[in-house]
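Structure assessment
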Amino acid sequence: LAQQYAGSLGDTGSLYDWQAEVLNLPGPCAGSRSVLDGANLVYCAPTSGGKSLVAELLLLRRICETNRPALLVTPFNALCSHKAAHLRTLLAPLCKEVMQCHGGHQAGPITERTGVIVATIEKAHMLVDRLLLEKGLGGLSCVVVDELHMVGDEDRGYLLELMLTKLRLATRAAKKQRSQQQQQQRERLSQQQQGLVDPHGCSP
């Protein structure tokens, strides 16, 4: 995968300073995940400034680490087709496929071979709704939104904002549930160590 990606970059053999800085940002608070470990990130740069490279590196890292597909949201059909073709080449060494959800392409079942789902804003919103209904949102490794400024578009911006709001609320709820489960596990372990609770779930 590294060789495939390096080949796609042509003569570019190093990162810009700002790209390296962004990729190495720590988490928002002490003890939280860094950007490379999956923390949320919003960044901007001039046209042709190298934004896609940062997004692709983080997207590919999450796919490799979790073996779960990523969702890439772009505003236009032509851009979706371009991204899908590019990612299809990059993911070939991983034997992963690119699912296209734009124009006449409809979202099919997400399988173990699905590496990236490339979707327009409308199709991505529908997919997120489906995954929320099926309780399958945790099956995604990450969500990347290209051209985020479209959130201010008079006609389509509200859908992008709605989708991102749903993702944030679902992520917050999942973190809260995970924290509660970890706390319960710690309490149970502490009680077991004190001999207060039978490891099979029965009190002495």
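For the structure, check the block above.
Residues numbered from 1 in each chain as written. Predicted model: local features only at pLDDT ≥ 70, side-chain atom pairs only at ≥ 80, totals over all residues. Heavy atoms only, no water.

Considering the overall build of the chain
If you tally the helices and strands in the chain, you get 6 helices and 4 strands. When the helices and strands of the chain are listed from N to C terminus, the series reads α-α-α-β-α-β-β-α-β-α. Counting over 204 residues, the chain shows a buried share of 33%. Pairs at least 24 apart in sequence give 58% of the contacts found in the chain among residues at least 6 apart. Here the chain has roughly 12700 Å² of accessible surface; of this, 53% comes from carbon and sulfur atoms. (Helix = DSSP H or I, 4+ residues; strand = E, 2+ residues; numbered from the N terminus. Buried < 20%, exposed > 50% of the residue type's maximum accessible area, 1.4 Å probe, protein only. Contact = heavy atoms within 4.5 Å. Areas by Shrake-Rupley, 256 points an atom, 1.4 Å probe, with all protein chains shown as cover.)

With respect to unusual backbone geometry
Generally, phi is negative for residues other than glycine and the peptide bonds are trans, each holding for most cases. For N67, which is not glycine, the phi torsion reads 60 degrees and is therefore positive. Following the sequence through the fold, N67 ends up in the loop between α3 (51-66) and β1 (70-73). The phi torsion at K135 lies on the positive side, around 55 degrees, for a residue other than glycine. Locating K135 in the fold gives a position in the loop between α5 (121-133) and β4 (142-145). Under the relative-accessibility criterion, K135 is labelled exposed at 79%.

Description of the packing of α3 against helix α4 (residues 77-91)
Packing of α3 against α4 leaves a shortest axis separation of 13 Å and a crossing angle of 45 degrees. By the criterion of interaxial angle, the relationship of α3 to α4 is oblique. Judged by the sense of rotation from one axis to the other, the crossing of α3 with α4 is right-handed. Residue-level inspection shows S52, E56, L59, L60 and I63 of α3 in contact with α4, the latter providing K83, H86, L87, L90 and L91. Of the residues contributing to the contact of α3 with α4, the split by class is 6 nonpolar, 2 polar and 2 charged. (Axes fitted to C-alpha atoms, helices over the stretch in contact; angles between N-to-C directions. Parallel < 35°, antiparallel > 145°, perpendicular 65-115°, else oblique. Left-handed = near helix turned anticlockwise from the far one by under 90°. Nonpolar A, V, L, I, M, F, W, Y, C, P; charged D, E, K, R; others polar.)

Describing helix α6 (residues 157-193)
With 37 residues, α6 should cover 54 Å at 1.5 Å per step; its first-to-last C-alpha distance of 54 Å lies within 8% of that length. Those residues of α6 that sit buried are G157, L159, L160, M163 and L167. (Expected span 1.5 Å × (residues − 1).)

Here we look at the packing of aromatic side chains
All told, the structure shown has 1 aromatic pair when counted by the stated rule. Between the aromatic rings of W18 and Y43, the centroid separation amounts to 6.1 Å while the plane-to-plane angle is 40 degrees, which identifies the pairing as tilted. Of the two residues, W18 is situated in helix α2 (residues 17-23) and Y43 in the loop between α2 and α3; the sequence distance between them amounts to 25 residues. (Phe/Tyr/Trp six-rings, centres within 6.5 Å; stacked < 30°, edge-to-face > 60°.)

Remarks on the pairing of β4
Residues C142 and V144 of β4 are buried on one face, while the alternating residues V143 and V145, pointing to the opposite face, are not. As paired elements, β1 and β4 share 4 bridges and run parallel to each other. The partner of A70 across the bridge, within β4, is C142. (Pairing = 2+ DSSP bridges.)

Focus on the packing of α5 against α6
Two elements in contact, α5 and α6, have axes separated by 9 Å at closest approach and are oriented at 30 degrees. On the basis of their axis angle, the class for α5 and α6 is roughly parallel. The hand of the α5/α6 crossing is left-handed. The segment α5 lies against α6, with I121, E122, A124, H125, V128, D129 and L132 engaging L159, L160, L162, M163, K166, L167 and A170. Taken together, the residues of the contact of α5 with α6 sort by class into 10 nonpolar, 1 polar and 3 charged.

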